[in-house]
Amino acid sequence: KNEVEQSPQNLTAQEGEFITINCSYSVGISALHWLQQHPGGGIVSLFMLSSGKKKHGRLIATINIQEKHSSLHITASHPRDSAVYICAVPYRDDKIIFGKGTRLHILP
Amino acid sequence: DGGITQSPKYLFRKEGQNVTLSCEQNLNHDAMYWYRQDPGQGLRLIYYSQIVNDFQKGDIAEGYSVSREKKESFPLTVTSAQKNPTAFYLCASSAGASLGTEAFFGQGTRLTVV
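Calculation notes
Residues numbered from 1 in each chain as written. Chains lettered and ligands numbered in written order. Predicted model: local features only at pLDDT ≥ 70, side-chain atom pairs only at ≥ 80, totals over all residues. Heavy atoms only, no water. Core = buried A, V, L, I, M, F, W, Y, C linked by side-chain atoms within 4.5 Å. Buried < 20%, exposed > 50% of the residue type's maximum accessible area, 1.4 Å probe, protein only. Helix = DSSP H or I, 4+ residues; strand = E, 2+ residues; numbered from the N terminus. Contact = heavy atoms within 4.5 Å. Disulfide = S-S within 2.5 Å. Pairing = 2+ DSSP bridges. Axes fitted to C-alpha atoms, helices over the stretch in contact; angles between N-to-C directions.

Draft legend 1. The nonpolar core, seen in detail. In this structure, L32(A), W34(A), L72(A) and Y85(A) are the most contacted members of the largest nonpolar core, which totals 26 residues. Of all the secondary-structure elements, those providing two or more residues to this core are β3 (19-25), β4 (32-37), β5 (43-49), β7 (59-64), β8 (69-74), β9 (83-91) and β11 (102-107) of chain A. At 5 residues, β9(A) tops the list of elements feeding residues into this core. Those residues in contact with L32(A), other than ones at most four positions away along the chain, are C23(A), Y25(A), F47(A), M48(A), L49(A), I63(A), S70(A), C87(A), A88(A) and V89(A). I4(B), F74(B), L76(B) and C91(B) belong to the second largest nonpolar core, which has 20 residues in total.

Draft legend 2. Expanded view of the state of the cysteines. What the rule picks out here adds up to 2 disulfides over all chains. Here C23(A) pairs with C87(A) through a disulfide, and the sulfurs are 2.0 Å apart. Its S-S torsion of about 70° marks the bond between C23(A) and C87(A) as right-handed, since a negative value means left-handed. Taken as a pair, C23(A) in strand β3 and C87(A) in strand β9 lie far apart in primary sequence, 64 residues in all. Comparing C23(A) with C87(A) shows no difference in burial state: the two are buried. One disulfide bridge connects C23(B) with C91(B), the sulfur atoms lying 1.8 Å from each other. Looking down the S-S bond of the C23(B) and C91(B) bridge, the torsion is -75°, so its handedness is left-handed. With a gap of 68 residues between them, C23(B) in strand β3 (residues 19-25) and C91(B) in strand β9 (residues 87-94) connect regions that are remote in the sequence.

Draft legend 3. Just the sheet that holds β3(A), in detail. All names here are of chain A. Pairing in this open sheet of 5 strands is antiparallel, and the strands run β1-β3-β8-β7-β6 from one edge to the other. Every other strand in the sheet has two partners, leaving β1 (4-7) and β6 (52-56) as the edge strands with one partner each. Ignoring strand direction, the axes of neighbouring strands in this sheet form an average angle of 15°.

Draft legend 4. The arrangement of the sheet that holds β3(B) in detail. Residues and elements named next belong to chain B. In spatial order, the strands read β1-β3-β8-β7; together these 4 strands make up an open sheet with antiparallel pairing. Across the chains shown, the open sheet's two edge strands, defined by having one partner strand only, are β1 (4-7) and β7 (64-66). Strand after strand, the sheet turns through a mean of 20° between neighbouring axes, direction not considered. Examined bridge by bridge, β1 and β3 share 4 bridges and lie antiparallel to one another. Opposite S7, over in β3, you have S22 as the bridge partner.

Draft legend 5. Molecular detail of unusual backbone geometry. Residues and elements named next belong to chain A. Following S7, the chain continues into P8 via a peptide bond in cis, with omega recorded as -10°. Relative to the helices and strands, P8 is located in the loop between β1 and β2 (10-14). Even without being a glycine, K68 presents a positive backbone phi close to 55°. In this structure, K68 sits in the loop between β7 and β8. A positive phi angle, near 45°, is found at A76, a position not held by glycine.

Honestly, it's all geometry; don't read function into it.
Here it is in structure tokens:
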């Protein structure tokens, strides 16, 4: 079993829809990262969460440490949001564990 | 501002040549990491270093080499022994001191062997 599981693997939605991407993990952590990878490959760090909720523009990230679950939400989705979204969990001092990513495609 | 810098963003290499990818951080982080991503796949650990002058192999170290002569720098060399070097490479760093330490990520380098 992977230590970090993301769902869904692929998601296609219409412009304007509310998007939710989930990340569950089985290891003990106190922080989790959400990353965005555009088709060109570059990685952008979106959020680092240790508790509660963070918001940046149309992006909202939540985490429940007790339930070992985090969600990334996109409100009023736009085609430029099309990317791969990856959750990453720093675990011990010799590992960062990545989810396999969720490929999001927003149709105009 | 503190951060982590990877360069170049795109790199082309002739088959049989070694190539070195740069990763620099000014965050005073002890731990640094290199990951590889193949199309449609997740990120896999190549090498990591928890302290200067020390580094450990990750899951797919064959065909790669690293050095950690300075805390700020963790260059990755893709050698001619790496059979399938075309991939996306990501560098990361963390304070590495305790569970759940915040991590920082480079933009990544896309290497293409021609």
